[in-house]
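Examination of the molecular architecture
The lines below spell out each chain.
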Amino acid sequence: MPGAAAKGAPTEGAAAKGIAAAEGATAEGAAARPVRLVIVDDDAMVRTALRLLFGGNSGIEVVGEAADGGEAVTAAQKHWPDVMLMDIRMPRVDGVEATRRVRALPNAPEVLVLTTFDADEYVVETIRNGACGFLVKDTPPEQLREGVRAAARGECVFSPKVLRPLVDLVVATAAGSRRKEAAKQLKRLTDREREVAIGLGRGWSNAEIGAALGMGVSTVKGHVSRVLAKLCMNNRAQAAVLIHEAGLI
C-alpha cells in the first residue's frame, strides 16, 4: 500500500510528500511514453471530469472508460492500460470483485482505488485483491496525477489522511483465524526477509528499509521481490496488510 505505518501512524517523511508512497522499480524508459489509464466509475460526469483532469501535459493518456466492474475487465483486455483508476461502489460488478478479476489477467495493470468514501472494509478487500493503493476523490488534482504516475512505476499509493484509519481498520478486523493464517504465511520468509516485510508494513521506501537494516537499495529490491514471490502477492500493499494482520506492527 505507500504502505501501512506503525500502529496506524504513517511515516513522517511519507506524509510530508502529500501521498504516502513506497519506492518501486522504475521501468526503463517509462518517461518516454505517457501512462495508459482506464477510468472505471459508474458516474458519467465523474469519468468526464477525470478525463479532463488527466488531459494536457500530465504524462497520462486516458485510453478507455468503464461504467462497472464487468466493463472494467473488458476494457483491461481491450486497451491493456498501465493503470486502472477504480471506483468501489458500482452496480452489477463492484470494484472489489473487478479488482480481483483484473489482477488475475496476464500482464495485469495496476489498480488504484478512487472513492468518495474513507477507509472501510471494501477498501481493505480491494487491497487484498491486488490494488496498489487508495485515494479519495477530493485529492488535489496534481496529487491525483502523481498517484497514477506512481502506480505505473510499481509504487503503492495512499492519501495520507486515510492511511492511519485504513491501517487501524486492518488491525481491528483481523480476526483470530485471519491472524493465524497471516502468521503462517510469514513463516515462509527468512529472518532477513521478515525484517524487510515489516519495513513494507511500516510504509518505508526501499531506501528507508536499507538505512534501517544496513543494506543497499538494490539488495532491498531483491529481498522485496523474494518476499512478494514467497507470499504469492502482487504488490507491496498486500504485504503491508499481511504484516498488520499478523500483528507484527
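These numbers were taken from a predicted model, which means no experiment stands behind them.

Some thoughts on the overall build of the chain
Tallying secondary structure elements over the chain gives 12 helices and seven strands in all. Taking all 249 residues of the chain together, 53% fall into the buried category.

Looking at the nonpolar core
Residues Val40, Met84, Met86 and Val102 are the most contacted members of the largest nonpolar core, which totals 28 residues. In terms of residues, this core owes the most to one element, helix H3 (residues 69-79), which gives four residues. Non-local contacts of Val40, meaning those with residues more than four positions away in its chain, are made with Ala66, Asp68, Ala72, Met84, Leu85, Met86, Asp87 and Met90. Residues Val224, Val227, Met233 and Ala239 belong to the second largest nonpolar core, which totals 20 residues.

Overview of the confidence of the model for the chain
Across the chain, the average pLDDT comes to 80, with 78% of residues at or above 70. A low-confidence stretch, residues 1-30 stays under pLDDT 50, and its non-local contacts, those more than four residues away or across chains, total 86 contacts.

Topic: the pattern of salt bridges
Considering all chains together, one arrives at 17 salt bridges under this definition. Of the charged contacts in the structure, one is a salt bridge between Glu195 and Arg192, with a shortest N-O distance of 2.8 Å. Placement of the pair is Glu195 and Arg192 together in helix H9 (residues 191-201), with a separation of three residues, close to one helical turn. On the accessibility criterion, Glu195 (37% relative accessible area) is partly exposed.

Examining helix H11 (residues 217-230)
For H11, which comprises 14 residues, the first-to-last C-alpha distance of 20 Å matches the rise-based estimate of 20 Å (1.5 Å per residue) to within 8%. When H11 is considered as a whole, its buried residues turn out to be Val220, His223, Val224, Val227 and Leu228. Each buried residue of H11 lies within a common arc of 135 degrees when the element is viewed along its axis, so the set occupies one face. Of the residues in H11, the exposed ones pointing more than 90 degrees away from the buried face are Ser218 and Ala229. Turning to H11, the residues buried within the fold contact H9, helix H10 (206-213) and helix H12 (236-245). The positive-phi residue at the C-terminal boundary of H11 is Cys232, with phi of around 55 degrees.

Overview of the pairing of strand E3 (residues 60-66)
E3 sits mainly inside the fold: five of its seven residues count as buried. In the sheet, strand E2 (residues 35-40) pairs with E3 via six bridges, with the strands oriented parallel. Bridge pairing in E3 links Val40 to Ala66.

Conventions we followed
- Residues numbered from 1 in each chain as written.
- Predicted model: local features only at pLDDT ≥ 70, side-chain atom pairs only at ≥ 80, totals over all residues.
- Heavy atoms only, no water.
- Helix = DSSP H or I, 4+ residues; strand = E, 2+ residues; numbered from the N terminus.
- Buried < 20%, exposed > 50% of the residue type's maximum accessible area, 1.4 Å probe, protein only.
- Core = buried A, V, L, I, M, F, W, Y, C linked by side-chain atoms within 4.5 Å.
- Contact = heavy atoms within 4.5 Å.
- pLDDT = per-residue confidence, 0-100.
- Salt bridge = Lys/Arg side-chain N within 4 Å of Asp/Glu carboxyl O.
- Expected span 1.5 Å × (residues − 1).
- Arc of directions from axis to C-beta.
- Pairing = 2+ DSSP bridges.

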